[in-house]
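Notes for the structure review
For reference, the chains in residue letters:
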Amino acid sequence: MLTPAHLQRASCFQHFSDEDCIRFLDTVPHSIRCFSSGETIFLPGTTIRRSALILSGHVHICHAAGDTETIAAVYGPGELIGCSFELSGAVNDCCCIRAAVPSQLLFFSILDFIRNGTQLNFYSRFIEDFLRSYARAPISLNRTIQVMSEKTLREKLLRFFSDLSRDAASRRFYLSLNQEQLAQRIGSERSSVCRELGKLRQERILKLEKFHPPVFLFDLRHCTLSRNSRTAASR
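Treat the numbers as computed from the prediction; the structure is a model and nothing was measured. (Residues numbered from 1 in each chain as written. Predicted model: local features only at pLDDT ≥ 70, side-chain atom pairs only at ≥ 80, totals over all residues. Heavy atoms only, no water.)

Moving on, we get to helix 6 (residues 136–149). Helix length check: helix 6, at 14 residues, gives a terminal C-alpha distance of 20 Å against a target of 20 Å (1.5 Å per residue), a fit within 8%. Here the buried face of helix 6 lies against helix 7 (153–168). (Helix = DSSP H or I, 4+ residues; strand = E, 2+ residues; numbered from the N terminus. Expected span 1.5 Å × (residues − 1). Contact = heavy atoms within 4.5 Å.)

The next subject is the state of the cysteines. The full count for this structure, using the stated rule, is 0 disulfides. The thiol of Cys62 is not disulfide-bonded; the next cysteine sulfur, from Cys96, is found 5.9 Å away. A relative accessible area of 3% places Cys62 in the buried class. (Disulfide = S-S within 2.5 Å. Buried < 20%, exposed > 50% of the residue type's maximum accessible area, 1.4 Å probe, protein only.)

Let us now look at the confidence of the model for the protein chain. When pLDDT is averaged across the protein chain, the result is 85; 91% of the residues are at 70 or more. Here residues 229–235 scores under 50 on pLDDT; set against residues more than four positions off or in separate chains, the count is 12 contacts. (pLDDT = per-residue confidence, 0-100.)

What follows covers unusual backbone geometry. Positive phi, normally seen in glycine, also occurs at Ala169, with a value near 55°. One can find Ala169 in the loop between helix 7 and strand 11 (172–174). One non-glycine residue with positive phi stands out, namely Arg204, at about 65°. With respect to the secondary-structure elements, Arg204 resides in the loop between helix 9 (190–202) and strand 12 (206–211).

Here the focus is the side chain of Asp20. Here Asp20 is to be found in helix 2 (residues 18–27). Overall, the relative accessible area of 7% leaves Asp20 in the buried class. In this structure the side chain of Asp20 is engaged in a polar contact, spanning 2.5 Å, whose partner is the side chain of Arg125. (Polar contact = N/O pair within 3.5 Å; in protein donor to acceptor, adjacent residues only side chain to side chain.)

Attention now goes to the environment of Ala90. With respect to the helices, strands and loops of the structure, Ala90 is situated in the loop between helix 3 (83–88) and strand 8 (91–92). Judged by relative accessible area, which is 33%, Ala90 ranks as partly exposed. It is 30 Å that separates the C-alpha atoms of Ala90 and Arg23, two residues lying 67 residues apart in sequence.

Our next topic: helix 9. Given a rise of 1.5 Å per residue, 13 residues ought to cover 18 Å, and the 18 Å separating the end C-alpha atoms of helix 9 matches this to within 8%. Inspection of helix 9 places Val193, Glu196, Leu197 and Leu200 among the buried residues, and these make up the whole buried set. Projected down its long axis, helix 9 carries its buried residues within an arc of 105°, all on one side. With respect to the buried face of helix 9, the exposed residues turned more than 90 degrees away are Arg195 and Gln202. (Arc of directions from axis to C-beta.)

Here you go:
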């Protein structure tokens, strides 16, 4: 059952009261869909007319180059997907968006709400919060570039895990990537990533606490970061 708390996890609804959330669901056309692990949400070559808010689970943004598919980004509960394509009207010609694990998504048209929702008392709050959320996309891209710019595999992994830990506001975080996908994400080989992960575990920097779902404990106290990684971890 969808509750106000599901919406309030999203940054674009963070200033909504319970009453605002209920009225939003009552007045804005929407649908809820569940996707199994690996199921496609948005195909490349299609026009996206409704954005999707992730209620539960995780979603992979995948880019294909020939026979190789790379995971470019991972999104979790409270995050919006597809809104760039919906708002711009551009065809999604670059990525396949699929569920990484069993996931539930809320679909609605942001464009329709912007056009027709002006009479709602929470309209301005939504616009302000949505713009703030939307502005984070370039920041996310910049963080990916920073990971890729690290000189060594170890530094790339430390930067990547540091970002996940910071997003979770905890040393514990969920990782929806397997080792092959993680290697693709940071531009390396699976065997090399496997060896480096083993070293991080031996040095007590990384610890797998749960297998289903995989939850890691990342402890920076046991490692020495590069200057760039140290700066990112301290923010």
